[in-house]
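# Observations on the three-dimensional arrangement
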Amino acid sequence: MNPFLLIRPTERSLARLISSYCLKCRCQISTGATQFQNIDGATPVDSTPDVSEIAARPPLPILTSRKLNHMPANRPAKQAWLETLGTIEDEKLGIVDLHPDIFATFPRTDLIQQNIKWQQRYRKVDYRFTRNRAEMPGGGRKPWPQKGTGRARHGSIRSPLWIRGGVCHGPRGPISDFYMPHKSVRVYGLRSCLSIKLAQDDLHIVDSLDIPTENPKYIEDLIESRNWGLSVLFIDDTDIMPRSITGATLDIKHFNLMPVYGLNCYSMLKHQTLVLTLAALEKIEEKLLYHMHKTDLMDDVWVRKH
């Protein structure tokens, strides 16, 4: 009989997590308890690891809960695996709770489109410029008398009717397309993109961005072995990235590093996989929850209209 079925139901979730490590690295990992007692009090299932295996490998921090602020009463927290970049193989370090209002919200594709349109246009500046008749040099003298010549009447050779004359209703640059959408549109767009990435299994949480080597071959083999796709966006809580991953991704154009304050909808949708560190995850939830629950009269007006 399978000994896993004899474990109490309350202990099955933790035992299932431990068994995944045992099947992957072919060793037993303890989480503080040395045994799981069977229901009938029969022979216990021993989970004590070997001493040599403990010395060769540090203990794994199995995270099962995080303090989440502004939790809704009727929605449970989402969960994701905590991974590491220290090995090429996909090694799980634990489970991380994610806020449901950020990673499990209804995706508003119309708001995502507004964010993408804004990001594509706000940097655009039209520098085209044409001079009108007042800005052209010369043309102050009447070219010929008003009457008696048989020709059409003209008052200046810089009229738009003339060759090398001024231009009427032409572009008058520089003209910027910059505009700022409402804060609620930007916040909901980020929430929608994060929820879509998590639902499509394209969002991964890692402990840090440290890797053992600066060799680009390492990061390419890691991403290929984990099926993270052709383009990956790594997000950290600071703009000073570890030297190892900076050197490994320097010449690879489709593996990009970004600080958490630069996270945007366009970059998330442009890359196939999004990788967040634990520190970046904390800052993302903190900032988005702050703006979601911030008391602002203009926010209430926008919500009533939309």
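Residues numbered from 1 in each chain as written. Predicted model: local features only at pLDDT ≥ 70, side-chain atom pairs only at ≥ 80, totals over all residues. Heavy atoms only, no water.

We now examine the overall build of the protein chain. Scanning the protein chain from terminus to terminus reveals 10 helices and 10 strands. Looking at the protein chain as a whole, 37% of its 306 residues qualify as buried. Long-range contacts, defined here as pairs at least 24 residues apart, represent 70% of the contacts in the protein chain between residues at least 6 apart. If you sum the accessible surface of the protein chain, you get close to 18,800 Å²; carbon and sulfur atoms cover 55% of it. (Helix = DSSP H or I, 4+ residues; strand = E, 2+ residues; numbered from the N terminus. Buried < 20%, exposed > 50% of the residue type's maximum accessible area, 1.4 Å probe, protein only. Contact = heavy atoms within 4.5 Å. Areas by Shrake-Rupley, 256 points an atom, 1.4 Å probe, with all protein chains shown as cover.)

This brings us to the nonpolar core. Formed by 30 residues in total, the largest nonpolar core has its most connected members in Phe103, Leu194, Ile235 and Leu274. In this view, leucine 274 contacts Leu194, Asp202, Leu203, His204, Leu233, Ile235, Leu263 and Met268; residues no more than four positions away in its chain are not counted. Leu85, Leu209, Ile219 and Phe234 belong to the second largest nonpolar core, which has 17 residues in total. (Core = buried A, V, L, I, M, F, W, Y, C linked by side-chain atoms within 4.5 Å.)

As a general point, the strands of a sheet are linked pairwise by backbone hydrogen bonds and lie either parallel or antiparallel. The six strands lie next to each other as β4-β3-β7-β10-β8-β9, forming an open sheet whose pairing is mixed. Of all strands in the sheet, those bounded by a partner on one side alone are β4 (92-98) and β9 (255-259). Across this sheet, the average inter-strand angle for adjacent strands is 30 degrees, counted without regard to direction. Inspection of the sheet shows strand β3 (residues 78-83) paired to strand β7 (residues 203-206) by two bridges, in the parallel sense. Within the sheet, the bridge partner assigned to leucine 82 lies in β7 and is isoleucine 205. (Pairing = 2+ DSSP bridges. Axes fitted to C-alpha atoms, helices over the stretch in contact; angles between N-to-C directions.)

Attention shifts here to the packing of aromatic side chains. Counted according to the given criterion, the structure contains three aromatic pairs. Geometrically, the ring pair formed by tyrosine 122 and phenylalanine 178 is edge-to-face, given 6.4 Å between the ring centres and 70 degrees between the ring planes. Taken as a pair, tyrosine 122 in the loop between α4 (109-121) and β5 (125-126) and phenylalanine 178 in the loop between β6 (175-176) and α5 (183-199) lie far apart in primary sequence, 56 residues in all. A relative accessible area of 29% places tyrosine 122 in the partly exposed class. The structure contains a cluster of three or more aromatic residues connected by ring pairs, namely Trp118, Tyr122 and Phe178. A cation over a ring is seen here: arginine 108 above tyrosine 188, with NZ or CZ 5.9 Å from the ring centre. The ring of tyrosine 188 has arginine 191 lying over it, and the distance from NZ or CZ to the ring centre is 4.7 Å. (Phe/Tyr/Trp six-rings, centres within 6.5 Å; stacked < 30°, edge-to-face > 60°. Lys NZ or Arg CZ within 6 Å of the ring centre and 35° of its normal.)

In this model, the protein chain carries an average pLDDT of 82, and 75% of its residues clear a pLDDT of 70 or more. Every residue in residues 1-57 scores below 50 in pLDDT, and together they form 69 contacts with partners more than four places removed in sequence or on other chains. (pLDDT = per-residue confidence, 0-100.)

You can see serine 156 is positioned in the loop between β5 and β6. From its side chain, serine 156 meets the backbone oxygen of glycine 139 in a polar contact 2.7 Å long. Within the structure, serine 156 has its side chain in polar contact with the backbone nitrogen of arginine 158 (distance 3.1 Å). (Polar contact = N/O pair within 3.5 Å; in protein donor to acceptor, adjacent residues only side chain to side chain.)

As enumerated under the stated definition, the model contains nine salt bridges in all. The salt bridge partner of arginine 75 is aspartate 101, with a shortest N-O separation of 3.1 Å. Of this pair, arginine 75 sits in the loop between α2 (51-56) and β3 while aspartate 101 sits in helix α3 (residues 100-103), placing them 26 residues apart in sequence. Exposure remark for arginine 75: the relative accessible area of 29% places this residue in the partly exposed category. By relative accessible area, which is 13% here, aspartate 101 ends up buried. The partner of arginine 128 in a salt bridge is aspartate 126, with the nearest N and O atoms 3.1 Å apart. Residue class for aspartate 126 comes out partly exposed when judged on its relative accessible area of 22%. Each of Glu83, Asp90, Lys92 and Arg226 takes part in one network of salt bridges that share partners. (Salt bridge = Lys/Arg side-chain N within 4 Å of Asp/Glu carboxyl O.)

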